[in-house]
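Here is what each chain is made of, one letter per residue.
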Amino acid sequence: MNETDKARAQYLSKAMDSVWNIASDFERSINPDSKPDPAPDLSKTAQVIASEKSLDPEISRCNLSMLSELCSKCEKCQLSKTRTHVVFGTGSTSPLVMVIGEGPGFNEDQEGIPFVGQAGRFLDKWLESIHLSRDENAYICNVIKCRPPENRDPMDEEIEACQDYLIQQINLLKPKAILGLGRFACQFLFGSDSKITKVHGLLKMYRGIPAICTFHPAAVLRNLDLKRPVWSDLKKLAAFLGIPV
Ligand code: URA
């Protein structure tokens, strides 16, 4: 979140608290015995509203094909200098589920398509196990659209430079649910202090869309003990969508 958004979020949060307190005072004035609830913590809501407002105007005007075109020419961060292809996203344009990974690896960078390597084949099996597929009812993309050199972790400034593309993709595709894979998707969806080990399998809301996170397929390939929690998380997603498994 940039400094302007932070200031805006603080201002909004205070304004929402004031409205709550005025409403509580009013309730007490007409019913002195009432005990209005204390103001809830609205700071997260304020952050969402503040950052939503400042979506890059050029991006916010795009439909999906315009967005893909704009993204393919993006030079907002240093990854544009080393990428082969921008990996925008692929799949159903009216998806039940939007899957968000971390960022392209070597194969994805070569082909311009997300999750085409070993982790991708594993992901396709996960989706198949709950009757989803990228050809029919799922859309697959990443937090960042360009490959970091040597597959290093994406940097904060790269994630920040790319985030409006992903937000607009979500706005346009309006999935019934979001499945976040791994740490970076989890932090994008649920905030930068979220830990995948703590929040995986919890159904939360992201900008009004139900979202659930699980471990990244590459992490599961490294540690097969994670297969069991992933299967449990996937079953929760399927149950939420009413898909019998
Ligand atoms: N890992 C990701 O997070 N995304 C891809 O597209 C491929 C591997």
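Since the model is a prediction, treat every value here as computed from it, not as a measurement.

Caption draft 1: Inspection of the packing of helix α7 (residues 118-129) against helix α12 (residues 227-241) at higher detail. Between α7 and α12, the shortest axis-to-axis distance is 10 Å and the interhelical angle comes to 45°. With respect to α12, the axis of α7 lies oblique. Considering the relative orientation of α7 and α12, their crossing is right-handed. Residue-level inspection shows Phe-122, Trp-126 and Ser-129 of α7 in contact with α12, the latter providing Lys-227, Val-230, Trp-231 and Leu-234. Considering only residue class, the contact of α7 with α12 consists of five nonpolar, one polar and one charged.

Caption draft 2: Spotlight on the packing of aromatic side chains. Counted by the stated rule, this structure contains two aromatic pairs. Each ring, one from Phe-122 and one from Trp-126, has its centre 5.3 Å from the other, and the planes form 65°; the classification is edge-to-face. Pair noted here: Phe-122 and Trp-126 are both in helix α7, with a separation of four residues, about one helical turn. Arranged with centres 5.5 Å apart and planes meeting at 40°, the rings of Phe-188 and Tyr-206 form a pair that is tilted. You can see Phe-188 sitting in helix α9 (residues 182-190) and its partner Tyr-206 sitting in strand β5 (residues 204-206), a full 18 residues away along the chain. Per residue, the accessibility class of Phe-188 equals that of Tyr-206, and both read buried. The ring of Phe-190 has Lys-204 sitting right over it, with the charged end atom 5.1 Å from the ring centre.

Caption draft 3: Representation of the site of the ligand within the structure. Contacts to the ligand come from Gly-101, Glu-102, Gly-103, Glu-108, Pro-114, Phe-115, Asn-142 and His-216. Separating an oxygen atom of the ligand from a backbone N or O atom of Glu-102 is a distance of 2.7 Å. At 2.8 Å, a side-chain N or O of His-216 approaches an oxygen atom of the ligand.

Caption draft 4: A look at the pattern of salt bridges. Under the defined criterion, the tally for this structure stands at six salt bridges. Between Lys-73 and Glu-69 there is a salt bridge whose closest N-O contact spans 2.7 Å. On the accessibility criterion, Lys-73 (57% relative accessible area) is exposed. Under the relative-accessibility criterion, Glu-69 is labelled partly exposed at 42%. Here Glu-158 and Arg-152 are joined by a salt bridge, their closest N and O atoms 2.7 Å apart. The exposure class of Arg-152 is partly exposed, given its relative accessible area of 25%.

Caption draft 5: Focus on the environment of Leu-166. Looking at where Leu-166 falls in the secondary structure, it is placed in helix α8 (residues 156-173). For the pair Leu-166 and Val-143, spaced 23 residues apart in sequence, the C-alpha separation works out to 6.7 Å. Discounting residues that sit within four places of it in the chain, Leu-166 has contacts with Met-98, Ile-100, Cys-141, Asn-142, Val-143, Lys-145 and Phe-188.

Caption draft 6: Geometry of the environment of Asp-225. With respect to the helices and strands, Asp-225 occurs in the loop between α11 (217-222) and α12. On the basis of relative accessibility, which here comes to 65%, the residue Asp-225 falls in the exposed class. Note: C-alpha distance between Asp-225 and Cys-62 (163 residues apart in sequence) is 42 Å.

Caption draft 7: Representation of the domain arrangement of the chain within the structure. Domains assigned within the chain are domain 1 (3-51) and domain 2 (57-241). Placing a centre on the C-alpha atoms of domain 1 and another on those of domain 2 gives a separation of 33 Å.

Rules of the game
Residues numbered from 1 in each chain as written. Predicted model: local features only at pLDDT ≥ 70, side-chain atom pairs only at ≥ 80, totals over all residues. Heavy atoms only, no water. Axes fitted to C-alpha atoms, helices over the stretch in contact; angles between N-to-C directions. Helix = DSSP H or I, 4+ residues; strand = E, 2+ residues; numbered from the N terminus. Parallel < 35°, antiparallel > 145°, perpendicular 65-115°, else oblique. Left-handed = near helix turned anticlockwise from the far one by under 90°. Contact = heavy atoms within 4.5 Å. Nonpolar A, V, L, I, M, F, W, Y, C, P; charged D, E, K, R; others polar. Phe/Tyr/Trp six-rings, centres within 6.5 Å; stacked < 30°, edge-to-face > 60°. Buried < 20%, exposed > 50% of the residue type's maximum accessible area, 1.4 Å probe, protein only. Lys NZ or Arg CZ within 6 Å of the ring centre and 35° of its normal. Near = heavy atom within 4 Å. Polar contact = N/O pair within 3.5 Å; in protein donor to acceptor, adjacent residues only side chain to side chain. Salt bridge = Lys/Arg side-chain N within 4 Å of Asp/Glu carboxyl O. Domains from an automatic or database assignment.

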